[in-house]
Structures are given as C-alpha cells and as structure tokens.
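Structural overview
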Amino acid sequence: MDLALRALADPTRREILRLVREAELPAGEIAHHFPTITRPAVSQHLRVLADAGLVDVRADGNRRLYRLQPAGLRDATQFLGEMWSDRLERLKLAAEREEWPERTRAARRTR
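Below is a summary of the structure that appears in this document. (Residues numbered from 1 in each chain as written. Predicted model: local features only at pLDDT ≥ 70, side-chain atom pairs only at ≥ 80, totals over all residues. Heavy atoms only, no water.)

Turning next to the sheet that holds strand E2 (residues 55–60). Taken in spatial order, the three strands of this open sheet run E1-E3-E2, and their pairing is antiparallel. Each of the sheet's edge strands pairs with one partner strand only, and the pair in question is strand E1 (25–26) and E2. Direction of pairing for E1 relative to strand E3 (residues 63–68): antiparallel, over a ladder of two bridges. Paired with proline 26 across the strands is leucine 65, a residue of E3. (Pairing = 2+ DSSP bridges. Helix = DSSP H or I, 4+ residues; strand = E, 2+ residues; numbered from the N terminus.)

On to the pairing of E2, then. Bridge count between E2 and E3: six bridges; the pairing is antiparallel. Bridged to valine 55 within E3 is leucine 68. Adjacent in sequence and paired antiparallel, E2 and E3 are bridged by two residues, among which glycine 61 carries a positive phi angle near 70°.

What follows is about the nonpolar core. Judged by nonpolar contacts, the single largest core of 17 residues is most densely connected at Val20, Ile30, Leu49 and Leu54. The set of elements that each furnish at least two residues to this core consists of helix H1 (2–8), helix H2 (11–19), helix H3 (27–32), helix H4 (39–51) and E3. Examining the composition of this core, we find that three residues originate from one element, H4, more than from any other. Those residues in contact with leucine 54 that lie beyond four places of it in its chain are Ala4, Ala7, Leu8, Leu17, Leu49, Arg67, Leu68, Gln69, Gly72 and Leu73. (Core = buried A, V, L, I, M, F, W, Y, C linked by side-chain atoms within 4.5 Å. Buried < 20%, exposed > 50% of the residue type's maximum accessible area, 1.4 Å probe, protein only. Contact = heavy atoms within 4.5 Å.)

Residue placement: alanine 27 occurs in helix H3. Apart from residues lying up to four places away in sequence, alanine 27 is in contact with Leu46, Arg64 and Tyr66.

Below, the discussion takes up the side chain of histidine 45. Summarising the element assignment, histidine 45 is placed in helix H4. Non-local contacts of histidine 45, meaning those with residues more than four positions away in its chain, are made with Asp10, Thr12, Arg13 and Ile16.

The next point concerns H2. Within an α-helix, residues lying three or four positions from one another point in the same direction, as the helix has 3.6 residues per turn. Turning to H2, its buried residues number three or more, namely Thr12, Arg13, Ile16 and Leu17. Viewed end-on, H2 has its buried residues packed into an arc of 145°, placing them on one side of the element. Looking at the packing, one finds that the buried side of H2 touches H1, H3, H4, E2 and E3. Sitting at the amino-terminal end of H2 is aspartate 10, which places a side-chain oxygen 2.8 Å from the backbone nitrogen of threonine 12. (Arc of directions from axis to C-beta. Polar contact = N/O pair within 3.5 Å; in protein donor to acceptor, adjacent residues only side chain to side chain.)

It is worth spelling out the packing of H2 against H4 at this point. In the contact formed by H2 and H4, the axes pass within 10 Å of each other and the chain directions differ by 75°. With respect to H4, the axis of H2 lies roughly perpendicular. Contact with H2, carried on its side by Thr12, Arg13, Ile16 and Leu17, involves His45, Leu46, Val48 and Leu49 of H4 and no other residues of that element. When grouped by side-chain class, the residues that make up the contact of H2 with H4 number five nonpolar, two polar and one charged. (Axes fitted to C-alpha atoms, helices over the stretch in contact; angles between N-to-C directions. Parallel < 35°, antiparallel > 145°, perpendicular 65-115°, else oblique. Nonpolar A, V, L, I, M, F, W, Y, C, P; charged D, E, K, R; others polar.)

Here threonine 12 shows up in helix H2. The exposure class of threonine 12 is buried, given its relative accessible area of 17%. With residues up to four places along the chain from it excluded, the contact list for threonine 12 reads Phe34, Ile37 and His45.

Printed below as a string of structure tokens:
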C-alpha cells in the first residue's frame with residue numbers, strides 16, 4: 001500500500017493511470033500526452049507505477065504496453081474507505097448532537 005500511495009502522490013502518474021484505465025497503451029503514446037516531459041522521465045513514471053503494482057506491463061515486440069492494474073489499488077482504496085467512513089460516522093454523530101437540542105425545543109413549543 002505504501003508504494004501505491006507514494007506513486008499516486010505524483011500528478012503525472014495519476015494522469016498516466018487515467019490514460020491506461022480503459023485500454024492498453026504503448027509507452028510512446030503515453031509520452032505523447034506529456035509534451036513537456038522527456039520520454040525517459042515518462043518511462044521512469046511508468047516504472048514507479050509498475051513497481052507499485054498499479055499497472056501491468058506486456059511486451060509486444062519491442063514495445064511495452066501498459067494497462068491499469070485495479071488490484072494494485074485495493075489496499076489503498078480499502079484504507080481510504082475506512083478512514084472516510086469513520087469521518088462520515090463522526091460527522092453524523094456531531095450533526096445529531098447539534099440537532100437534538102433543537103428538536104427538543106421545537107417539541108416543547110408545540111405542546
């Protein structure tokens with residue numbers, strides 16, 4: 001999970017994941033989406049994503065094809081989901097605590 005979260009911390013790598021989410025793309029085509037970044041730099045980003053288990057790499061002749069590996073996000077997604085659900089539960093409880101006195105006052109006024 002640590003490698004995945006570190007890899008996701010970079011906006012270029014997040015954009016690469018968006019590109020390869022639906023279909024395999026060769027490294028050269030991925031690099032064309034980043035005209036301000038050198039091809040070796042894009043290759044380094046792809047290596048980080050592969051090492052983190054976030055993309056699958058398949059050889060096709062002398063090309064390398066990349067595709068999102070959803071399983072690589074599983075642990076990070078589960079962790080973030082747990083953190084988010086805890087926060088939502090706390091927000092719900094806080095809202096109920098704030099609402100409860102108002103409901104009590106409103107009920108007394110209608111008596």
